[in-house]
Amino acid sequence: MVCHSMTIRPVLGLFMVALMLGAADPGVALAGDTLRIGMAAEATTLDPHALNIAPNNAIGWHLFDALTHVDERTRLVPGLARSWHVVSPTEWEFRLRDDVQFHDGSAFEAADVIASIERVRRLPNGQFSSFVQRLIDVRAVDRHTIRIRTATPYALVPLDLNSVFIISHRHAEAPSANFDQGSAAVGTGPWRLTRFERGERVLLDRNEHYWGEQAHWPRAEMRMISGEQARVAALLGGDLDMIEAVPGSAVVRLRNDARFTLAQTVSWRTLFFHLDQRAQVPALIRRTDGSRMAVNPLTDRRVRLALAAAIDREAIIDKLLDGTARPASNLVAPGVFGHDDSLAVPRFDPAAARRLLADAGYRAGFNLTVAAPNNRYPADARIAQAVAAMFSRIGVRTEVASMPINVYLGRARRGEFAVALLGWGSFSGDLALRSLLATRDPSRGNGTWNWSYYHSADLDAMIERAFAELDPDRRAAQVRAAMHLAMTDQAVIPLHHQNALWALRAGLRYRARTDEFTFAHHVTD
Amino acid sequence: MLSEAAARLLQSLLVLLTMSAVVFAGVYLIGNPLDMLIPPQASELERAQAGHALGLDQSLITQYLLFLQHALEGNLGRSFFSNSPALGLILDRLPATIELALSAALIAVGLGVPIGIGCAWYAQRFGTRVLLGLATLGFSVPTFWVGLLLIMLFSVQLQWLPSGGRDASGHLFGIATSFGSWRGLSHLLLPAISLALFKLALLIRLTYAATREVLQQDFILAARARGVALPRLLGVHVLRNIGVSLTQVIGLEFGALVAFSIVTESVFAWPGMGKLLIDAINSLDRPVVVAYLLVTVTLFTAINLVVDLIALVLDPRLRRAGLQ
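Residue numbering note: each chain is counted from 1, following its sequence as written. Naming scheme: in the order in which they are written, chains are lettered from A and ligands are numbered from 1. Where totals are concerned, whole chains, interfaces and linings use all residues; where local detail is concerned, this predicted model gives features only for residues with pLDDT of at least 70, and gives and counts side-chain atom pairs only at 80 or more. Each side-chain value is worked out from all heavy atoms of the structure, with water and hydrogens disregarded.

Here we take up the overall build of chain A. Starting at the N terminus, helices and strands are each numbered in turn, a helix being any DSSP run of H or I of at least four residues and a strand any DSSP run of E of at least two. A count of helical and extended segments in chain A gives 15 helices and 20 strands. Taking 2.2 N^0.38 as the reference for a compact globule, 525 residues should give roughly 24 Å; the C-alpha atoms of chain A span a radius of gyration of 26 Å, in line with that estimate. Reported as C-alpha extents along the three principal axes, the dimensions of chain A are approximately 85 × 75 × 40 Å. The buried label applies to any residue whose accessible area, calculated with a 1.4 Å probe on protein chains only, is under 20% of its type's maximum; exposed applies above 50%, and partly exposed to all values in between. A total of 525 residues make up chain A; the buried ones form 58% of that total. The reference for a compact globule is 2.2 Å times residues^0.38; the radius of gyration itself is calculated from the C-alpha atoms.

Structural data, given as structure tokens:
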């Protein structure tokens with residue numbers, strides 16, 4: 001027995017020494033000058049050209065810039081490009097800032113832009129190539145001017161370049177791993193990378209030579225906490241200064257607690273129902289006696305209007321989302337390019353809905369199954385349940401099929417659903433319309449998410465024209481007109497725009513962004 | 001012993017082969033990883049290119065055979081989502097999970113065995129009944145709820161301990177670990193307690209029952225007649241006799257701690273393997289799921305081997321049987 005304690009003592013001693021060494025680790029920042037943010041999803045890699053997913057892009061915007069930026073209201077504003085203009089219908093000129101340097105001190109020049117666009121084009125498995133595929137020639141006029149040619153007139157060149165992060169041309173050949181361990185993560189952004197701990201956190205130091213507005217905090221720690229409750233608890237417990245994606249269940253509690261403050265704005269994400277309008281009757285639509293129907297009722301505009309009028313959007317937002325959304329009339333959020341302000345939210349009117357159904361010849365109603373994911377959007381499956389009850393009230397007896405998003409997406413792509421819930425975020429109305437409602441044409445990327453199988457030659461022509469219209473004002477009018485056409489035809493049923501929500505320690509302020517990004521450099525006190 | 005180990009190895013290889021086939025078929029049935037991976041704006045051509053680059057355009061059988069071939073070369077494939085080797089991702093997270101499981105096991109064994117023995121010795125006392133009742137309660141309370149309670153009390157109300165996350169900035173014997181600094185330990189404490197609670201309850205009940213049985217045997221009576229002191233009686237005579245069966249249970253339960261710490265990890269935002277597995281399943285990141293299974297099966301095999309060796313050391317009867 002005695003011999004035991006003799007072996008334990010030196011071990012204990014070593015342990016104490018190790019503790020002291022541990023305390024001296026310079027990697028641990030002092031709490032006071034570090035802004036600690038709880039992020040809802042983890043960045044999978046720091047290579048800014050690899051995966052086009054929001055968590056990666058969010059961290060990307062801390063380390064890198066693009067030629068054009070998007071402000072908190074989704075308006076396109078100058079970034080590394082001071083200005084841009086159209087030279088000829090198929091040629092654009094971008095004037096670059098000449099006062100920008102990379103984190104390693106080297107100057108930012110046209111060569112870096114060209115190298116970045118090339119890397120986006122060539123990177124195996126890179127997911128940003130669709131943003132550069134229309135640029136057939138990119139060349140430097142001088143060190144701070146580049147010209148870009150497209151095959152046909154294309155209005156979205158400046159917006160597409162918002163998705164191309166600019167890296168130093170010295171790292172154009174670097175594999176993704178070099179970005180993750182830091183040697184190639186050299187950008188012009190407001191923060192320099194200190195350390196990337198995959199799945200745990202990203203540590204950042206302020207870029208003291210940033211060309212734009214300097215970050216308020218010398219250091220930032222972006223912690224990845226995907227669990228909603230864990231994120232809220234970390235804020236409540238004082239481990240974090242700020243969290244993003246505040247769950248609806250915590251909103252009331254945080255609002256009534258003087259130690260915290262909320263920042264919110266309408267998000268760019270719109271929730272809506274796709275309605276399968278193929279001639280072939282969807283398997284999930286039946287007569288009330290269970291037999292197959294001869295005609296797909298969703299091809300009748302009056303039925304689509306009836307379903308839209310059956311939904312009580314205010315009740316859904318109030319009861320299921322704790323007020324953290326607003327009713328939608330468009331496919332894009334208010335303020336986004338192409339939002340048509342003249343469209344009204346479909347009025348909740350069950351009596352009118354019944355009349356419309358009767359006019360269309362469905363006085364007896366029919367049976368329907370509504371599909372929704374159950375782990376993608378706030379309250380998604382419960383929203384579908386509520387809508388099913390509302391449809392049933394006007395005589396369309398509705399059931400719900402809800403499933404995890406990984407199962408849901410595949411089945412929706414195969415066209416298995418009659419009515420399917422989808423959320424969509426876009427910076428421009430014509431982009432949203434092209435993906436969601438343009439006639440399906442896989443080779444051109446049109447209608448890739450058109451689960452409604454909606455087809456309108458007029459709408460297709462309007463979208464095409466808008467893409468080629470280089471005058472911003474005329475283009476805005478065209479996009480609004482296209483949006484108007486699709487919505488008055490009730491091609492889909494818009495539900496609501498979610499609110500983007502942040503919670504901060506009292507005294508801090510955040511410029512809430514419609515695109516839902518959390519930027520440490522936009523937090524002030 | 002050697003042939004035993006070889007048989008074990010063969011067994012786990014078979015398990016691995018079966019599991020990987022099940023995972024391949026399962027992920028295929030759930031959905032297409034491309035649906036989760038491809039950005040919404042991509043055209044059909046880009047989708048096809050990505051599918052080809054990842055080998056997802058081949059038939060399921062071909063994909064599986066290719067996987068086996070690469071696995072034999074020691075390559076388990078790259079994660080679809082982070083574009084880095086799947087095994088590397090798992091091994092990066094392994095230390096966090098082991099730390100958590102080890103701490104939980106230490107708490108459960110360090111408290112559970114003495115309490116269990118104590119309860120058996122003082123079986124008639126009121127305190128014993130309270131402790132055993134609490135242990136039954138420990139079985140019935142769900143882990144995530146205990147975790148949330150601990151967070152509400154110690155992190156939100158009292159603000160004594162952090163609510164989650166891991167701090168491995170300290171070093172112990174040159175390894176970056178939570179055991180290396182007070183901050184690291186403070187992050188570890190709540191999740192470890194939360195994870196340990198169920199096992200603690202289990203060990204108290206098991207030790208109690210086993211000890212009761214041993215205490216009724218003649219050699220205990222003889223030892224007491226010889227005047228053996230109580231600490232030695234319980235700490236040596238009893239403990240050695242319940243040791244073999246306890247080690248078996250502890251070994252198995254440790255494996256379970258490693259493999260199923262998922263709930264605790266997500267409640268406390270602990271960056272371990274469990275969280276990685278859940279994310280991988282949700283995003284259909286098949287290579288990561290397969291690599292996770294490989295690591296877990298290997299771990300279980302190793303634990304079983306160690307448990308058998310410990311049993312040999314503890315029980316001379318087994319050693320004699322092994323020699324013959």
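On we go.
On to the packing of helix H9 (residues 218-226) of chain B against helix H10 (residues 230-259) of chain B, then. Relative orientation and spacing of two packed helices are given, respectively, by the angle between their axes and the distance between those axes. All names here are of chain B. Here H9 crosses H10 at 165°, and the two axes come no closer than 12 Å. Between H9 and H10, the angle falls in the class roughly antiparallel. Where H9 crosses over H10, the handedness of that crossing is right-handed. Contact residues: Phe219, Ile220, Ala223, Arg224 and Arg226 in H9; Leu233, His237, Val238 and Asn241 in H10. Gly falls in the polar group here, along with every residue not listed as nonpolar (Ala, Val, Leu, Ile, Met, Phe, Trp, Tyr, Cys, Pro) or charged (Asp, Glu, Lys, Arg). Partitioning the contact of H9 with H10 into residue classes produces 5 nonpolar, 2 polar and 2 charged. Helix axes are fitted to C-alpha atoms over the stretch in contact, other axes to C-alpha atoms as well, and angles between N-to-C directions run from 0 to 180 degrees. In what follows, roughly perpendicular refers to angles from 65 to 115 degrees, roughly parallel to angles under 35, roughly antiparallel to angles over 145, and oblique to any angle outside these ranges. Each crossing gets its hand from how the near helix is turned against the far one by less than a right angle, where anticlockwise is left-handed and clockwise is right-handed. When checking whether two residues touch, look at their non-hydrogen atoms; a contact exists if any pair is within 4.5 Å.

Once that is clear, we can look at the pairing of strand E18 (residues 492-505) of chain A. Residue and element names in this part refer to chain A. Of all 14 residues making up E18, 13 are buried, and the element is well covered by its neighbours. Pairing between two strands requires that DSSP report at least two bridges joining them. Note: strand E12 (residues 260-275) against E18, 12 bridges, orientation antiparallel. Across the sheet, the residue bridging to Thr265 is Ala500, located in E18. Across 3 bridges, strand E14 (residues 325-327) lies against E18 in antiparallel orientation. Paired with Pro327 across the two strands is His496, which belongs to E18.

Residues and elements named next belong to chain A. Across the sheet, 4 strands lie side by side as E4-E5-E7-E6; this open sheet has antiparallel pairing. The two strands at the open ends of the sheet, each matched to only one other strand, are strand E4 (81-88) and strand E6 (135-142). Each strand of the sheet is rotated relative to its neighbour by a mean of 20°, with strand direction disregarded. In this structure, E4 lies alongside strand E5 (residues 91-96), joined through 6 bridges in antiparallel fashion. Directly across from Trp84, in E5, lies its bridge partner Phe94. Here helix H3 (residues 110-122) sits on the sheet in contact with E5, E6 and strand E7 (145-150), set at roughly 165° to E6.

We now examine the nonpolar core. Residue and element names in this part refer to chain A. Formed by 163 residues in total, the largest nonpolar core has its most connected members in Leu67 and Leu437. Ignoring any residue separated from it by four or fewer positions in sequence, one finds Leu67 in contact with Pro78, Gly79, Leu80, Ala81, Phe94, Leu96, Phe108, Val113, Ile146, Leu161 and Ile166. By size, the runner-up hydrophobic cluster in this structure holds 39 residues, among which are Ala58, Trp61, Trp191 and Leu193. Residues enter a nonpolar core if they are buried and are Ala, Val, Leu, Ile, Met, Phe, Trp, Tyr or Cys, with the set joined through side-chain atoms within 4.5 Å.

Here we take up the confidence of the model for chain B. On average, residues of chain B carry a pLDDT of 85, and 98% of them reach 70 or more. We note a pTM of 0.85 for the whole complex and an ipTM of 0.78 for its interfaces. What pLDDT expresses is the predictor's confidence in each residue, scored from 0 to 100.

Here we take up the packing of aromatic side chains. Residues and elements named next belong to chain A. Planes of paired rings set the category: under 30 degrees apart is stacked, over 60 is edge-to-face and the rest tilted, where pairs are Phe, Tyr or Trp rings (Trp by its six-membered ring) whose centres lie within 6.5 Å. Evaluation of the coordinates by the stated rule reveals 21 aromatic pairs over all chains. Pairing Phe64 with Phe179 gives two aromatic rings, centres 6.5 Å apart and planes at 50°, and the pair type is tilted. Of this pair, Phe64 sits in the loop between helix H2 (54-63) and strand E2 (68-70) while Phe179 sits in helix H5 (residues 176-181); the two residues are 115 residues apart in sequence, bridging distant segments of the chain. In this structure, Phe64 and Phe179 share a single accessibility class: buried. Between Trp268 and Phe427 the ring centres are 4.8 Å apart and the planes differ by 35°, which places this aromatic pair in the tilted class. Taken together, the residues Trp268 in strand E12 and Phe427 in the loop between strand E17 (419-425) and helix H13 (429-436) connect sequence positions 159 residues apart.

Summarising the model, chain A shows a mean pLDDT of 91, and 94% of its residues fall at 70 or more. Across residues 1-30 of chain A the pLDDT falls below 50, and counting only partners more than four positions away or on other chains, this stretch makes 24 contacts in the model.

One speaks of a salt bridge when a side-chain nitrogen belonging to Lys or Arg is within 4 Å of a carboxyl oxygen belonging to Asp or Glu. Per the counting criterion, the structure on display carries 42 salt bridges over all chains. As a salt-bridge pair, Arg198 of chain A and Asp180 of chain A come within 3.2 Å of each other at their nearest N and O atoms. Pair noted here: Arg198 of chain A is in the loop between strand E8 (191-197) and strand E9 (201-206) and Asp180 of chain A is in helix H5, with a separation of 18 residues, a long-range link. The salt bridge involving Arg166 of chain B is made with Glu200 of chain A; its shortest N-O contact spans 3.9 Å. Of this pair, Arg166 of chain B sits in the loop between helix H7 (143-157) and strand E1 (171-172) while Glu200 of chain A sits in the loop between E8 and E9, on two different chains.

Right, let's get into the interface of chain A and chain B. At the interface, 48 residues of chain A touch 55 residues of chain B. The buried area of a pairing is the accessible area, by a 1.4 Å probe, that goes missing from both parts when the two are put together, added over both. Taken over both partners, the interface formed by chain A and chain B buries close to 4200 Å², and the fraction arising from carbon and sulfur atoms is 53%. Seen at the junction of chain A and chain B, the total is 4 salt bridges. One salt bridge in this structure joins Asp35 of chain B and Arg413 of chain A, with 3.2 Å as the shortest N-O distance. Definition of a polar contact: a pair of N or O atoms within 3.5 Å, with one able to donate and the other able to accept a hydrogen when the atoms are protein atoms, and with sequence-neighbouring residues admitted only if both atoms are side-chain atoms. At the boundary of chain A with chain B, the tally comes to 11 residue pairs in polar contact (both at pLDDT 80 or more). Among the secondary structure elements, those contributing two or more residues to the side of chain A that touches chain B are helix H1 (2-23), helix H6 (228-236) and helix H12 (405-413) of chain A. It is H12 of chain A that contributes the most residues to the side of chain A that touches chain B, 6 residues altogether.

Here we take up H7 of chain B. Working rule for helices: expected span equals 1.5 Å times residues minus one. Between its first and last C-alpha atoms H7 of chain B spans 20 Å; for 15 residues at 1.5 Å apiece the expected length is 21 Å, and the two agree. Of all the bends in H7 of chain B, the largest measures some 25° and sits at Ile151 of chain B. Burial in H7 of chain B covers these residues: Val146, Gly147, Leu150, Ile151, Ser155 and Val156 of chain B. Looking at the buried positions of H7 of chain B, the neighbouring elements they touch are H6 and helix H7 (248-255) of chain A together with helix H8 (182-215) and helix H11 (262-267) of chain B. Gln159 of chain B, located one to two residues past H7 of chain B, shows a positive phi value of around 55°. A residue's bend is given by the angle between axes fitted to the 7 residues ending at it and the 7 residues starting at it.

All right, on to the packing of helix H14 (residues 457-468) of chain A against helix H15 (residues 472-488) of chain A then. Residue and element names in this part refer to chain A. Relative orientation of the contacting elements H14 and H15 amounts to 160°, with a least axis distance of 9 Å. Classified by the angle their axes make, H14 and H15 are roughly antiparallel. Relative to H15, the crossing made by H14 is left-handed. Across from Leu459, Met462, Arg465 and Ala466 in H14, the residues of H15 making contact are Arg475, Gln478, Val479, Ala481, Ala482, Leu485 and Ala486. The class makeup of the residues in the contact of H14 with H15 is 8 nonpolar, 1 polar and 2 charged.

On to the environment of Arg134 of chain A. Residue and element names in this part refer to chain A. Tracing the sequence through the fold places Arg134 in the loop between H3 and E6. Taking relative accessible area as the criterion, Arg134 reaches 29% and is therefore assigned partly exposed. Along the primary structure Arg134 and Thr150 are separated by 16 residues, whereas in three dimensions their C-alpha atoms are 5.7 Å apart. Dropping the residues within four chain positions of it, Arg134 is found in contact with Arg149, Thr150, Ala151, Tyr154 and Arg434.

Right, let's talk about the environment of Leu87 of chain B for a bit. Residues and elements named next belong to chain B. With respect to the element layout, Leu87 can be found in helix H5 (residues 86-121). A residue is classified by how much of its surface remains accessible, and Leu87, at 27% relative accessible area, is partly exposed. Along the sequence, Leu87 and Pro287 sit 200 residues apart, while their C-alpha atoms lie 8.4 Å from each other. Those residues in contact with Leu87 that lie beyond four places of it in its chain are Leu76, Ala291, Leu294 and Val295.

So, about the pairing of E17 of chain A. Residue and element names in this part refer to chain A. Judged by how many residues are buried, E17 sits mostly within the fold: 6 of 7 residues are covered. Across 7 bridges, E12 lies against E17 in antiparallel orientation. In the strand pairing of E17, Phe273 is matched with Leu421.

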